[in-house]
Protein chains: 4
Amino acid sequence: MSILRGVVPPVLTPFHADGSLDLASLDSLVEHLIGGGVHGLFVLGSSGQVAYLTDAERDTVVERVIATAAGRVPVMVGTPDLTARRVLDHARRAQALGASAVVVTAPLYALNNSAEIADHFRLVAAGLDIPVIAYDVPVRGPAKLGRDMLVQLGREGVIAGVKDSSGDDVAFRRLVDANRAAGSPLSVSTGHEVMCDGMFLLGADGCVPGLANVDPAGYVRLFEAAERGDWEAARAEQDRINRLFEIAFVPQGRSGDAGGIGAFKAACAALGVIASGTMPAPIEALSAEEVADVEAIVREAGLLR
Amino acid sequence: MSILRGVVPPVLTPFHADGSLDLASLDSLVEHLIGGGVHGLFVLGSSGQVAYLTDAERDTVVERVIATAAGRVPVMVGTPDLTARRVLDHARRAQALGASAVVVTAPLYALNNSAEIADHFRLVAAGLDIPVIAYDVPVRGPAKLGRDMLVQLGREGVIAGVKDSSGDDVAFRRLVDANRAAGSPLSVSTGHEVMCDGMFLLGADGCVPGLANVDPAGYVRLFEAAERGDWEAARAEQDRINRLFEIAFVPQGRSGDAGGIGAFKAACAALGVIASGTMPAPIEALSAEEVADVEAIVREAGLLR
Amino acid sequence: MSILRGVVPPVLTPFHADGSLDLASLDSLVEHLIGGGVHGLFVLGSSGQVAYLTDAERDTVVERVIATAAGRVPVMVGTPDLTARRVLDHARRAQALGASAVVVTAPLYALNNSAEIADHFRLVAAGLDIPVIAYDVPVRGPAKLGRDMLVQLGREGVIAGVKDSSGDDVAFRRLVDANRAAGSPLSVSTGHEVMCDGMFLLGADGCVPGLANVDPAGYVRLFEAAERGDWEAARAEQDRINRLFEIAFVPQGRSGDAGGIGAFKAACAALGVIASGTMPAPIEALSAEEVADVEAIVREAGLLR
Amino acid sequence: MSILRGVVPPVLTPFHADGSLDLASLDSLVEHLIGGGVHGLFVLGSSGQVAYLTDAERDTVVERVIATAAGRVPVMVGTPDLTARRVLDHARRAQALGASAVVVTAPLYALNNSAEIADHFRLVAAGLDIPVIAYDVPVRGPAKLGRDMLVQLGREGVIAGVKDSSGDDVAFRRLVDANRAAGSPLSVSTGHEVMCDGMFLLGADGCVPGLANVDPAGYVRLFEAAERGDWEAARAEQDRINRLFEIAFVPQGRSGDAGGIGAFKAACAALGVIASGTMPAPIEALSAEEVADVEAIVREAGLLR
């Protein structure tokens, strides 16, 4: 069974007003997601604002989510750091805490070519007993992960899957095709939350949509429609979800880390899933007016009465 | 006196063949640089391959260079990490080890706007007693640091200087002018190793040239010519240095972290300053043929007999 | 009926070895396309190498294709030039020659903002009696056409459709959704030749695939499967087509104008549809070895015996 | 003598309110520039808003400026169009009208590699009797012109000079050095109006500053100071000019074609050199408030009483 099969939300990290982790809200969010039928959880991703956490906070989040999930779904853990030995330090701690897999980006700050990036993954995987998933997120690092390199790493058993947040659908489809031709060593998943129907049609195993924090059940219905080949239903569900996704465009003139995630948090707070939409310093939460606009969209989508 | 005045090389980090730090070579390199007349040292910069070091190795480098410098020149320390609290952890360790200043980039992996980046620097500076120098290196992170933000942070006393490795000379000149108009709260330094004459002419306080690891005395002569207003001599020295800089173009088809730094290391090894041109995994050192081409250029420049 | 409905290939422009237009091959290609069941023709697009033609050659191509099509399918004409008055000159000539519509890019060489680009389209449309289709091809010009601007221009009756070659599928889907919400003033078509199944699923009216010069009937089958809601058949056809599309990756290290179009021409020549794969100066045609590799893929795809 | 030696302003193109060419203002501007001591004129450049002119208007501008200059300074003519044969058509008309040289960009809209771009210049030059100057302006086209290609074309006699508006000073310096090493086949000129002192120091033959439309005499003083090796005077003049250049930053939130050129026109109108700051459709002229801010800076610079 593909490790990235189905809906695997990148779990938001709730904060108290004083900047500390809001673990009660994190518990509630995890129950909301599992209750919605998701197939796995991805913690310490970009949507989880991992960049703003200390190592101790990273460990606390991992420990808590694994405890709450209690084996009901696998928990995958992000490990962003500059280069392989630093990443491996995070990955080993996650493994010790019970993670099902780690999600690893290309090196950050470093300027590497494709051969060096492949070795980066090899260095990380060689030090672990759990699967490594490659995380393709070029907007946050210098490098797009190449198709041939990924399939080769899959063949070698270095990586077990790819989470694609590159926004390059042609590259994604060529990856899916090349992976299939190679005997499907990789599980392939898309972060394109507004295109999951099309991505399932072309052969994606799963999706990692930030918006699934707000509406996990919707994404699960979409996935199930795709599983049974009912593409019109999948598309209708995706279209409904996309109207909800407009919450991400409510905050205008914000930074990349403030707008979409701020809106997802505001929506979850409006639904009572987490206590507040607090953001980590130096990012400001949405304004009252923006929150009202988000809530209007959530209400229109039928999630809020 | 400007903290970034004069020639402040970004110190290379030598390695043994087994990947461990070559501290004897580091000592030798520091003596080479101080002997060449440099005005300060910048350790754990991009040229120092800081991305490839663990925290323990970072501390070892800082401790060793400060011990070897023994107060003859100030030692500035790079602190790259994802966001402010993580950066601050590195910066405090550097401060405790005796660093004269820390050199801080915009957040990495995070996607912040200008206001958030300004707060990032405020959060770091608030936790330190030593000066903070802003490091503008957009090729390694998502953000170019804006002129108005930098001058404002200077006025607030948050940052004491700017090391500009952006390659945007117009922006640099406008920064120099705006800083002067504001009463020069900032010390401003360029990483443009082939343009130092022009940068001194327009008002740069200093330079941070990776190539100065190879030829510190040449950059010192260039700076001194500029200091006394002998611009023809400065230009002639720069032109001579630029022919030496062609070593950085010897390695073709290499990654950004492999070519230039690999050539600087090969040249230092050829000069006997460090034991070898070893690079940290997963980067490969220059080939024997590339090393020979580097040596030919170093010889032609009159540094090697 | 949507003006961009169905399969509308961007017609290749065949050349003789001396650089002159090969009109007999152009006739043959048009018959091949119409015989394959395509719903319209788009001449003087990027695949038609319009950039390399003089005004007189542009007119000759338009005249000849309209004569050969003889009303069986509509013929749309590209009009790239720097700004509105220059574009309008081309567009009026196309109108006079019987074009069904013109396909207009954002200004070239100019550096305009969204309001200026909208006015650019208004200036062009005001001088014409035939519909204007906006051509979103940011790789060849500085500007991505914004969703809100396009829908607004549709509402005003300035443009009748959008040919999207931006490769930004999220933007395309948001355009499709916003257009539908506005009462569908626009016909929307994708240039993403390897993703047509997914684009039809999400609501595209048609596609403009360069590869359809080689296999028009395949794209027509794909479109018809999508029309009747048989998404598995659409996907299977797209997957088959995508294996054929690998011809575009045969030429390595070529320019953007040499590789893909060179491969399409080589394949059409192999099929006997055009006389040769000649390219306009200064572009070189594929090498004999590359042609052989293209032919092998075409043969494997079952198009060549 | 270098064809690009000294100060060669890119001449603004004045318009009447109805969009037609304001030739009386053009005459006045040419007299202002020649009176200021400039060494040549460059018409139909980006600052001349060539993109917005028809072919007939291009010819009118060329004819008029050559007539007004009356042999006092050479007149160079820009010829932007998509590819070589189209460029050559403009270039031949300019030659027939008496142009001293043509200024040719890389292909537009086309996607060519370095070898194809080199052939593009060869195709243009082969059809002309007057010198070709390569215009490196990557912000308006897809391609940065490579150093080795430019020097090679200089050696072949294909091009006589390079006007560099790339903003890449390291590349410019390496071009200057490589050109000198090759025996200086090329005349090299910078479009970096705020860095001319440094560019002259490193060996530029001349400059092509848009701001020289406003203050030609200032740039001439700067050049003359550099010629006699008085670098402190050159720098002081450049610093003074740079305070004047802040007019280009007065218009905020404008397009690339609206802000700087709009400010240059507003300043020339304030000085009485041209009748108005009218811009070609669809670009709007500066607002009254912006014009007032521009005038305040011009007054502070001592150009306006």
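Only a predicted model underlies this, so the values are computations on that prediction, with no experimental measurement involved.

A few words now on the pattern of salt bridges. Going through the model one piece at a time under the given rule, you end up with 106 salt bridges over all chains. Between aspartate 59 of chain B and arginine 93 of chain B there is a salt bridge, with the nearest N and O atoms lying 3.0 Å from each other. You can see aspartate 59 of chain B sitting in helix H2 (residues 55-69) and its partner arginine 93 of chain B sitting in helix H3 (residues 84-96), a full 34 residues away along the chain. The exposure class of aspartate 59 of chain B is partly exposed, given its relative accessible area of 22%. When the shortest N-O distance is used, the salt bridge between lysine 144 of chain D and aspartate 136 of chain D registers 2.5 Å. You can call lysine 144 of chain D partly exposed: its relative accessible area is 34%.

Here the focus is the interface of chain A and chain B. Counting residues at the interface gives 40 residues for chain A, matched by 40 residues for chain B. Summing both sides of the interface, chain A and chain B together bury roughly 3200 Å²; the carbon and sulfur share of this comes to 55%. For the chain A face of the interface with chain B, the top three residues by lost area are Arg86, Tyr109 and Leu111 of chain A, together amounting to 26%. Inspection of the region where chain A meets chain B yields six salt bridges. For the salt bridge of aspartate 81 of chain B with arginine 86 of chain A, the shortest nitrogen-to-oxygen distance reads 3.7 Å. Taken together, chain A and chain B are joined by 24 residue pairs in polar contact (both at pLDDT 80 or more). Within the residue set of the side of chain A that touches chain B, elements represented by two or more residues are helix H2 (55-69), helix H3 (84-96) and helix H4 (114-126) of chain A. Of all the elements, H4 of chain A adds the most residues to the side of chain A that touches chain B, at four residues.

For the rest of this paragraph, the subject is the sheet that holds strand S4 (residues 101-105) of chain D. All names here are of chain D. Read across the sheet, eight strands follow the order S1-S8-S7-S6-S5-S4-S3-S2 without closing on themselves; strand pairing throughout is parallel. Of all strands in the sheet, those bounded by a partner on one side alone are strand S1 (6-7) and strand S2 (41-43). Pairing geometry for strand S7 (residues 187-190) and strand S8 (residues 206-207), over two bridges, is parallel. Within S8, the position partnered with threonine 190 by the bridge is cysteine 207. The sheet contacts of helix H6 (residues 169-181) involve strand S6 (161-164) and S7, and relative to S7 the element is tilted by about 165 degrees.

This part covers the relation of the copies chain D and chain C. Least-squares fitting of chain D to chain C yields an RMSD of 0.0 Å, with the superposition described by an axial translation of 0.0 Å and a rotation of 180 degrees. Seen this way, the second copy is the image of the first under a two-fold rotation axis. A shared binding surface is used by both copies, with 100% of the interface residues of chain D retained as interface residues in chain C.

Further remarks concern the confidence of the model for chain A. With 99% of its residues at a pLDDT of at least 70, chain A reaches an overall mean of 96. As a predicted assembly, this complex carries a pTM of 0.92 together with an ipTM value of 0.95.

Tallying the contact residues gives 40 residues for chain D and 40 residues for chain C. Summing both sides of the interface, chain D and chain C together bury roughly 3200 Å²; the carbon and sulfur share of this comes to 55%. Ranking the residues of chain D by area buried against chain C places Arg86, Tyr109 and Leu111 of chain D at the top, with a combined share of 26%. At the surface where chain D touches chain C, the tally comes to six salt bridges. The shortest N-O distance in the salt bridge between arginine 85 of chain C and glutamate 57 of chain D comes to 2.6 Å. Here chain D and chain C share 24 residue pairs in polar contact (both at pLDDT 80 or more) between them. Listing elements by their share of the side of chain D that touches chain C, those giving two or more residues are helix H2 (55-69), helix H3 (84-96) and helix H4 (114-126) of chain D. The element that contributes the greatest number of residues to the side of chain D that touches chain C is H4 of chain D, accounting for four residues. Class assignment of the residues belonging to the side of chain D that touches chain C gives a composition of 18 nonpolar, 11 polar and 11 charged.

Taken as a whole, this structure holds 16 aromatic pairs over all chains when the rule is applied. Consider the rings of phenylalanine 200 of chain A and phenylalanine 223 of chain A, whose centres lie 5.3 Å apart with planes at 65 degrees: the pair is edge-to-face. Of the two residues, phenylalanine 200 of chain A sits in helix H7 (residues 196-202) while phenylalanine 223 of chain A sits in helix H8 (residues 216-227), which places them 23 residues apart along the sequence. For the pair phenylalanine 200 of chain A and phenylalanine 223 of chain A, one class covers both residues: buried. With centroids separated by 5.6 Å and ring planes inclined at 85 degrees, the aromatic side chains of phenylalanine 245 of chain B and phenylalanine 249 of chain B adopt a geometry described as edge-to-face. Note on phenylalanine 249 of chain B: relative accessible area 30%, which makes it partly exposed. Through a chain of ring-to-ring contacts, the aromatic side chains of Phe245, Phe249 and Phe264 of chain A assemble into a single cluster. Stacked on the ring of phenylalanine 249 of chain C, the Lys or Arg arginine 174 of chain A has its end atom at 3.3 Å from the ring centre.

Procedures and definitions
Residues numbered from 1 in each chain as written. Chains lettered and ligands numbered in written order. Predicted model: local features only at pLDDT ≥ 70, side-chain atom pairs only at ≥ 80, totals over all residues. Heavy atoms only, no water. Salt bridge = Lys/Arg side-chain N within 4 Å of Asp/Glu carboxyl O. Helix = DSSP H or I, 4+ residues; strand = E, 2+ residues; numbered from the N terminus. Buried < 20%, exposed > 50% of the residue type's maximum accessible area, 1.4 Å probe, protein only. Contact = heavy atoms within 4.5 Å. Buried area = accessible area lost by both parts, 1.4 Å probe. Polar contact = N/O pair within 3.5 Å; in protein donor to acceptor, adjacent residues only side chain to side chain. Pairing = 2+ DSSP bridges. Axes fitted to C-alpha atoms, helices over the stretch in contact; angles between N-to-C directions. Least-squares fit on C-alpha atoms with pLDDT ≥ 70 in both. pLDDT = per-residue confidence, 0-100. Nonpolar A, V, L, I, M, F, W, Y, C, P; charged D, E, K, R; others polar. Phe/Tyr/Trp six-rings, centres within 6.5 Å; stacked < 30°, edge-to-face > 60°. Lys NZ or Arg CZ within 6 Å of the ring centre and 35° of its normal.

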